[in-house]
Amino acid sequence: MQALVVPSGYITNILSLPYDVHLPMKYLFHIIISLFCLYGLHGQSKIDKALRNFNNNSVPYIKVDELTQNNEFLLLDTRKKEEFEVSHLKNAVWVGDKEFDIDMVSDSIPDKNTPIVVYCSIGVRSEDVGEKLLKKGYMEVYNLYGGIFEWKNKDFPVYDSIGQETDRVHAYNKHWGKMLNNATKVYGQRKHNN
């Protein structure tokens, strides 16, 4: 492999050229726009990377935009109860992750052809629950790609424990919360003594 040799003074000579020789204005505009677009994708790329690292793709994904166009799905929230109580997707049923009871779900949803979407913060815990549903014989189970974070990042509504629309989303922890860009982040549920 041959080393790149830059002649002495070459960089200085380039930097001393007039601005319009370096970079025509139309290219500068395209570069600035591209940087803004990349900045907007920053949260999304973190979600993509996390899902590639932690998931097996054992449950087919459904994208947020696809889900918003179809209201036939039963939504199962696989997060902790305190996360669900801060906010959840409209009409979602809380089933938990560690608390998930496949027999209880089977009793509640006897039709194995029921279209189901599982979700959590970004789609990791929900994949585990989706796998259990598929093993139990459910035929149409999807994992919401990017979970409630991506849902809210795309500015779709979430609802609190009394059914009111809210801007708050439980961010799980500070590390995962970096992927949530369009919500008021909640990291714990305060208990109120009445």
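As a reminder, the structure under discussion sits directly above these lines.
Because the structure is predicted, anything quoted here is derived from the model rather than measured. (Residues numbered from 1 in each chain as written. Predicted model: local features only at pLDDT ≥ 70, side-chain atom pairs only at ≥ 80, totals over all residues. Heavy atoms only, no water.)

Visitor: I would appreciate a short explanation of the overall build of the chain in the present structure.
Guide: When helices and strands are counted, the chain shows 10 helices and 9 strands. Across the 194 residues in the chain, those meeting the buried criterion constitute 37%. Partitioning the intrachain contacts of the chain with sequence separation of at least 6 by distance along the chain shows that 66% fall at a separation of at least 24. (Helix = DSSP H or I, 4+ residues; strand = E, 2+ residues; numbered from the N terminus. Buried < 20%, exposed > 50% of the residue type's maximum accessible area, 1.4 Å probe, protein only. Contact = heavy atoms within 4.5 Å.)

Visitor: Just checking my understanding: could you explain the side chain of glutamate 127 for this structure?
Guide: Assignment of secondary structure puts glutamate 127 in helix α8 (residues 125-135). A polar side-chain atom of glutamate 127 sits 3.2 Å from the main-chain amide nitrogen of serine 58. In contact with glutamate 127, other than residues within four places in its own chain, are Phe54, Asn55, Asn56, Asn57, Ser58, Val59 and Asn143. (Polar contact = N/O pair within 3.5 Å; in protein donor to acceptor, adjacent residues only side chain to side chain.)

Visitor: How do you make sense of the environment of lysine 112 when you look at a structure like this?
Guide: Here lysine 112 lies in the loop between α7 (102-108) and β4 (116-119). Sequence-wise, lysine 112 and tyrosine 138 are 26 residues apart; in three dimensions their C-alpha atoms are separated by 4.4 Å. Ignoring any residue separated from it by four or fewer positions in sequence, one finds lysine 112 in contact with Ser106, Lys136, Gly137, Tyr138, Met139 and Glu140.

Visitor: Please clarify how the sheet that holds strand β2 (residues 74-77) should be interpreted in this entry.
Guide: What links the strands of a sheet is backbone hydrogen bonding, and the strands pair in either a parallel or an antiparallel sense. A sheet is described by the order of its strands in space; here 5 strands give the open sequence β1-β5-β4-β2-β3, paired in parallel fashion. Strands at the two margins of the open sheet, each flanked by one partner only, are β1 (61-62) and β3 (93-94). Where β2 and β4 come together, 4 bridges link them in parallel fashion. Counted as the bridge partner of aspartate 77 is tyrosine 119 from β4. Taken strand by strand, α8 contacts β2, β4 and β5 (141-144), and its axis lies near 150° from that of β4. (Pairing = 2+ DSSP bridges. Axes fitted to C-alpha atoms, helices over the stretch in contact; angles between N-to-C directions.)

Visitor: I would appreciate a short explanation of the nonpolar core in the present structure.
Guide: Side chains that are nonpolar tend, in soluble globular proteins, to be buried together. If you look at the biggest cluster of nonpolar residues, it comprises 26 residues, and the most contacted ones within it are Leu67, Leu75, Leu89, Ile122, Leu144 and Phe149. Mapped onto this core, the elements with two or more residues apiece are α4 (42-54), α5 (64-68), β4 and α9 (147-153). Leaving out residues up to four positions away in the same chain, leucine 144 has contacts with Ile62, Lys63, Val64, Leu67, Leu89, Val117, Val118, Tyr119, Ile122, Gly123 and Trp151. Of all hydrophobic cores here, the second largest spans 13 residues; its members include Val59, Val105, Ile109 and Val129. (Core = buried A, V, L, I, M, F, W, Y, C linked by side-chain atoms within 4.5 Å.)

Visitor: Any chance you could explain the pattern of salt bridges here in plain terms?
Guide: Pairing between side chains becomes possible if they bear opposite charge and their charged atoms approach one another. Applying the stated criterion across every chain yields a total of 6 salt bridges. Note that aspartate 103 is salt-bridged to lysine 136, the shortest N-O span being 3.6 Å. Remark: lysine 136 occurs in the loop between α8 and β5 and aspartate 103 occurs in helix α7; sequence separation between them is 33 residues. Using a relative accessible area of 45% as the deciding quantity, one classes aspartate 103 as partly exposed. On the basis of relative accessible area, lysine 136 is assigned to the partly exposed category, the value being 34%. Note that aspartate 167 is salt-bridged to lysine 152, the shortest N-O span being 3.5 Å. Here aspartate 167, found in the loop between β7 (165-166) and β8 (168-170), pairs with lysine 152, found in helix α9; they are 15 residues apart in sequence, far enough to count as distant. (Salt bridge = Lys/Arg side-chain N within 4 Å of Asp/Glu carboxyl O.)

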